[in-house]
Amino acid sequence: AMPEVLRERPDARLVIAGRRDEESYLKELRELIRRLGISKSVEFAFDLSEEAKRRLLGQARALVVTSPVEGFGIVILEAAVQGTPAVVSEGVPAEVVAHGQNGLRVAFGDTRALAAALSAVLRSNELHATLAVNAVEHARRFSRAALQSGLDNALRHAVSGRLLREALV
(Lines give C-alpha, C1' and ligand atoms only; values in the text may rest on other atoms or scores of the structure.)
Protein backbone atom coordinates (compact mmCIF):
# COMPACT_ATOMS: atom_id res chain seq x y z
CA ALA A 1 0.00 0.00 0.00
CA MET A 2 2.92 2.36 0.65
CA PRO A 3 3.66 3.15 -3.03
CA GLU A 4 0.02 4.27 -3.44
CA VAL A 5 0.21 6.37 -0.28
CA LEU A 6 3.42 8.00 -1.52
CA ARG A 7 1.77 9.01 -4.80
CA GLU A 8 -0.62 11.19 -2.81
CA ARG A 9 1.71 12.04 0.09
CA PRO A 10 5.37 11.92 -1.06
CA ASP A 11 6.45 13.03 2.43
CA ALA A 12 4.85 9.99 4.14
CA ARG A 13 7.13 7.73 6.19
CA LEU A 14 6.69 4.11 7.21
CA VAL A 15 8.41 2.89 10.35
CA ILE A 16 8.43 -0.87 10.76
CA ALA A 17 8.89 -1.48 14.45
CA GLY A 18 9.10 -4.61 16.55
CA ARG A 19 11.49 -7.23 17.78
CA ARG A 20 14.32 -8.38 15.57
CA ASP A 21 13.51 -12.06 15.14
CA GLU A 22 14.04 -13.79 11.83
CA GLU A 23 16.85 -12.41 9.71
CA SER A 24 15.43 -14.20 6.65
CA TYR A 25 12.12 -12.31 7.04
CA LEU A 26 13.97 -9.02 7.47
CA LYS A 27 15.91 -9.77 4.29
CA GLU A 28 12.61 -10.41 2.45
CA LEU A 29 11.18 -7.13 3.74
CA ARG A 30 14.23 -5.17 2.65
CA GLU A 31 14.08 -6.78 -0.80
CA LEU A 32 10.37 -5.95 -1.13
CA ILE A 33 11.03 -2.35 -0.09
CA ARG A 34 13.82 -2.11 -2.68
CA ARG A 35 11.62 -3.64 -5.43
CA LEU A 36 8.78 -1.24 -4.64
CA GLY A 37 11.19 1.70 -4.83
CA ILE A 38 10.25 3.05 -1.40
CA SER A 39 13.58 2.69 0.43
CA LYS A 40 13.84 6.41 1.15
CA SER A 41 10.42 6.38 2.85
CA VAL A 42 10.86 3.32 5.09
CA GLU A 43 12.89 2.79 8.21
CA PHE A 44 13.19 0.05 10.80
CA ALA A 45 13.06 0.42 14.58
CA PHE A 46 13.88 -2.80 16.40
CA ASP A 47 14.00 -3.81 20.05
CA LEU A 48 12.87 -0.44 21.35
CA SER A 49 12.75 0.37 25.04
CA GLU A 50 9.27 1.05 26.43
CA GLU A 51 10.04 4.77 26.47
CA ALA A 52 11.26 4.77 22.85
CA LYS A 53 8.18 2.77 21.81
CA ARG A 54 5.89 5.28 23.56
CA ARG A 55 7.68 8.16 21.88
CA LEU A 56 7.41 6.53 18.43
CA LEU A 57 3.71 5.76 18.92
CA GLY A 58 3.08 9.31 20.10
CA GLN A 59 4.80 10.80 17.05
CA ALA A 60 3.00 8.59 14.54
CA ARG A 61 0.01 9.83 12.58
CA ALA A 62 -1.41 6.29 12.67
CA LEU A 63 -0.52 2.80 13.80
CA VAL A 64 -0.96 0.19 11.09
CA VAL A 65 -1.72 -3.45 11.97
CA THR A 66 -2.47 -5.64 8.96
CA SER A 67 -2.41 -9.12 10.50
CA PRO A 68 -4.77 -11.74 9.05
CA VAL A 69 -5.54 -12.75 12.65
CA GLU A 70 -4.61 -10.69 15.69
CA GLY A 71 -5.23 -11.27 19.36
CA PHE A 72 -6.24 -8.38 21.52
CA GLY A 73 -3.59 -6.10 20.02
CA ILE A 74 -2.18 -4.37 23.10
CA VAL A 75 0.00 -2.13 20.89
CA ILE A 76 -3.22 -0.62 19.51
CA LEU A 77 -4.16 0.51 23.03
CA GLU A 78 -0.61 1.69 23.66
CA ALA A 79 -0.90 3.88 20.57
CA ALA A 80 -4.43 5.01 21.47
CA VAL A 81 -3.28 6.27 24.87
CA GLN A 82 -0.84 8.49 22.96
CA GLY A 83 -3.67 9.82 20.77
CA THR A 84 -2.61 7.75 17.77
CA PRO A 85 -5.48 6.07 15.92
CA ALA A 86 -5.09 2.71 14.20
CA VAL A 87 -5.62 1.56 10.64
CA VAL A 88 -6.12 -2.18 10.83
CA SER A 89 -7.18 -5.23 8.90
CA GLU A 90 -10.29 -7.16 9.82
CA GLY A 91 -8.01 -9.61 11.64
CA VAL A 92 -7.98 -7.18 14.57
CA PRO A 93 -10.94 -7.72 16.92
CA ALA A 94 -13.78 -5.21 16.42
CA GLU A 95 -13.80 -4.51 20.17
CA VAL A 96 -10.34 -3.02 19.82
CA VAL A 97 -10.90 -0.88 16.71
CA ALA A 98 -14.36 0.29 15.66
CA HIS A 99 -14.35 1.58 12.08
CA GLY A 100 -14.74 5.35 11.93
CA GLN A 101 -14.64 5.65 15.71
CA ASN A 102 -11.12 5.06 17.04
CA GLY A 103 -9.57 3.93 13.78
CA LEU A 104 -10.25 2.55 10.34
CA ARG A 105 -10.71 -1.10 9.33
CA VAL A 106 -10.02 -2.64 5.92
CA ALA A 107 -10.27 -6.15 4.51
CA PHE A 108 -7.10 -8.19 5.00
CA GLY A 109 -4.98 -8.11 1.86
CA ASP A 110 -6.85 -5.21 0.23
CA THR A 111 -3.89 -2.92 -0.40
CA ARG A 112 -5.98 -0.33 -2.24
CA ALA A 113 -8.36 -0.01 0.70
CA LEU A 114 -5.38 0.15 3.07
CA ALA A 115 -3.74 2.88 0.99
CA ALA A 116 -7.02 4.82 0.83
CA ALA A 117 -7.51 4.57 4.62
CA LEU A 118 -3.95 5.66 5.33
CA SER A 119 -4.18 8.52 2.84
CA ALA A 120 -7.43 9.68 4.44
CA VAL A 121 -5.84 9.80 7.91
CA LEU A 122 -2.78 11.60 6.51
CA ARG A 123 -4.83 14.05 4.44
CA SER A 124 -7.68 14.98 6.77
CA ASN A 125 -6.80 16.76 9.99
CA GLU A 126 -10.48 16.59 10.97
CA LEU A 127 -10.67 12.80 10.53
CA HIS A 128 -7.38 12.33 12.33
CA ALA A 129 -8.47 14.52 15.25
CA THR A 130 -11.79 12.69 15.61
CA LEU A 131 -10.14 9.27 15.54
CA ALA A 132 -7.39 10.40 17.92
CA VAL A 133 -9.80 11.80 20.54
CA ASN A 134 -11.96 8.68 20.30
CA ALA A 135 -8.89 6.44 20.50
CA VAL A 136 -7.87 7.96 23.83
CA GLU A 137 -11.43 7.66 25.15
CA HIS A 138 -11.72 4.06 23.96
CA ALA A 139 -8.41 3.13 25.57
CA ARG A 140 -9.70 4.34 28.94
CA ARG A 141 -12.21 1.48 28.88
CA PHE A 142 -9.24 -0.84 29.26
CA SER A 143 -7.57 0.91 32.19
CA ARG A 144 -6.38 -1.22 35.07
CA ALA A 145 -9.15 0.16 37.29
CA ALA A 146 -11.87 -0.55 34.71
CA LEU A 147 -10.60 -4.06 34.07
CA GLN A 148 -10.27 -4.76 37.80
CA SER A 149 -13.82 -3.56 38.39
CA GLY A 150 -15.11 -5.84 35.65
CA LEU A 151 -13.15 -8.77 37.03
CA ASP A 152 -14.43 -8.08 40.56
CA ASN A 153 -18.02 -8.00 39.30
CA ALA A 154 -17.57 -11.23 37.34
CA LEU A 155 -16.07 -12.96 40.38
CA ARG A 156 -18.87 -11.73 42.65
CA HIS A 157 -21.43 -12.96 40.15
CA ALA A 158 -19.72 -16.36 39.80
CA VAL A 159 -19.38 -16.81 43.58
CA SER A 160 -22.96 -15.72 44.30
CA GLY A 161 -24.24 -18.10 41.62
CA ARG A 162 -22.20 -20.94 43.11
CA LEU A 163 -23.44 -20.17 46.62
CA LEU A 164 -27.02 -20.07 45.36
CA ARG A 165 -26.59 -23.43 43.60
CA GLU A 166 -25.08 -24.95 46.77
CA ALA A 167 -27.97 -23.62 48.87
CA LEU A 168 -30.47 -25.23 46.49
CA VAL A 169 -28.78 -28.64 46.65
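Residues numbered from 1 in each chain as written. Predicted model: local features only at pLDDT ≥ 70, side-chain atom pairs only at ≥ 80, totals over all residues. Heavy atoms only, no water.

Draft legend 1. Spotlight on the pattern of salt bridges. All told, the structure shown has 10 salt bridges when counted by the stated rule. One salt bridge connects glutamate 51 with arginine 55, and the closest N-O pair in it is separated by 3.5 Å. With glutamate 51 and arginine 55 both in helix α3 (residues 50-59) and four residues apart, this pair spans about one turn of that helix. You can call arginine 55 partly exposed: its relative accessible area is 44%. Put simply, glutamate 78 and lysine 53 hold a salt bridge, and the shortest N to O gap is 3.0 Å. Separated by 25 residues along the polypeptide, glutamate 78 in helix α4 (residues 74-81) and lysine 53 in helix α3 bring together distant segments of the chain. Overall, the relative accessible area of 25% leaves glutamate 78 in the partly exposed class. Take lysine 53: its relative accessible area is 23%, and that puts it in the partly exposed class. Linked by salt bridges that have partners in common, Glu50, Lys53 and Glu78 make up one network. (Salt bridge = Lys/Arg side-chain N within 4 Å of Asp/Glu carboxyl O. Helix = DSSP H or I, 4+ residues; strand = E, 2+ residues; numbered from the N terminus. Buried < 20%, exposed > 50% of the residue type's maximum accessible area, 1.4 Å probe, protein only.)

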